[in-house]
Structure formats: structure tokens, C-alpha cells
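Listed here are the chains, written in short residue letters.
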Amino acid sequence: MNADTLKKITDKVPAFRDLTTRQLHGMIQAGETIVPEPGTVLCKEAETSTDMFIPLSGELSGETNNLQLMAVKTSDVVGEMSLITGLPRSATIKVVREATLFVVHKEQFDNLMRENVDLAVKVYRNMLLSLCSKLRDTNIHLV
């Protein structure tokens, strides 16, 4: 992946904020880019799976009990709770519109975090900020 593409990903994805070029290369090596068809179910609620998904284009939806919880837009992160904890999925994630996704795999992610403490601090901080924002939005929606 060239430097311009790396920069575009860094600029778009808050989970990768403040990463050095070398750290970003490591994150990219911990995952892969996929282009699933609209209607594809990426993961199902209550199932055990540990991939994290970042739409680089397109749109996903998060559903529970056939009720849409959220629309996942470009550069949002989804699946980070299962990636970090290994717990079953809290929602079903489907591809709504043609999408290009960056998928981070748990085993590679965990290895990378163990090998680079500075990277781990940045990534976990960014994910925590993202989860706090999602929680705040949910609380506002429920009120």
C-alpha cells in the first residue's frame, strides 16, 4: 500500500488517529480489505466471532432482534468490542450498500498490540473514545 493510500486511511479512520506510518503499516498487515455484496451478513448477534470492520466506502447496518440499532458509515468502527474482549456479538452486522471494508483479525491484532506498546496505547485510546461516543449517542437517543 502506498503512502497516499495510507494517509487517506489515517485521515478517515478515527481508530487510526495519531499512528505513525510504521504503526499504520502494522495495523494494515493485521487485516485485509474485502468487498462483500450488499445483503451480506458479516456477523450475527450472539455468535462468537472476533473481526473488527471499518467501512472505507459503502454502508453497514447494526441490528438486534430485527430492529436497526445503527447505520455504520464510512470510517466508523464496528466489532471492536468482540475484537478486544472475545465476547459474542451484541448485534448482527449487514452490508446495506456496496462496500469496501477493512477487516482486522483478532490474532494478528493481539500480536501487534503485544509487540508495540506505544501503538497499543494509541489504538486502545482511540477505540475507548469511539465506544464512549457511541454510548453517549445511545443514551441521548434513549432519552
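Residues numbered from 1 in each chain as written. Predicted model: local features only at pLDDT ≥ 70, side-chain atom pairs only at ≥ 80, totals over all residues. Heavy atoms only, no water.

Student: Before we go on, may I ask you to explain unusual backbone geometry in this structure?
Tutor: Residues apart from glycine generally show negative phi values, whereas peptide bonds are mostly found in trans. One non-glycine residue, Asp18, adopts positive backbone phi at about 70°. Along the polypeptide, Asp18 turns up in the loop between helix 1 (3-12) and helix 2 (21-29). One non-glycine residue, Ala46, lies in positive phi territory at about 75°. Examined against the element boundaries, Ala46 turns out to sit in the loop between strand 2 (41-43) and strand 3 (52-64). (Helix = DSSP H or I, 4+ residues; strand = E, 2+ residues; numbered from the N terminus.)

Student: Would you take a moment to explain the pattern of salt bridges for this structure?
Tutor: Where charged atoms from two side chains of opposite charge approach closely, those side chains can pair. Summed over all chains, the structure comprises six salt bridges. Linking Arg97 and Glu59 is a salt bridge whose minimum nitrogen-to-oxygen distance equals 3.6 Å. One end of the pair, Arg97, is in strand 5 (residues 92-104); the other, Glu59, is in strand 3, with 38 residues separating them in the sequence. On the basis of relative accessibility, which here comes to 14%, the residue Glu59 falls in the buried class. Residue Lys106 is joined to Asp110 by a salt bridge in which the shortest nitrogen-to-oxygen separation is 3.1 Å. (Salt bridge = Lys/Arg side-chain N within 4 Å of Asp/Glu carboxyl O. Buried < 20%, exposed > 50% of the residue type's maximum accessible area, 1.4 Å probe, protein only.)

Student: Where do I start with the side chain of Thr64 in this structure?
Tutor: Assignment of secondary structure puts Thr64 in strand 3. Thr64 gets classed as buried once you look at its relative accessible area, which sits at 15%. Here the side chain of Thr64 touches Glu45 through a polar contact of 2.5 Å, side chain to side chain. Filtering out sequence-adjacent residues up to four positions away, Thr64 remains in contact with Glu45, Leu69 and Ser90. (Polar contact = N/O pair within 3.5 Å; in protein donor to acceptor, adjacent residues only side chain to side chain. Contact = heavy atoms within 4.5 Å.)

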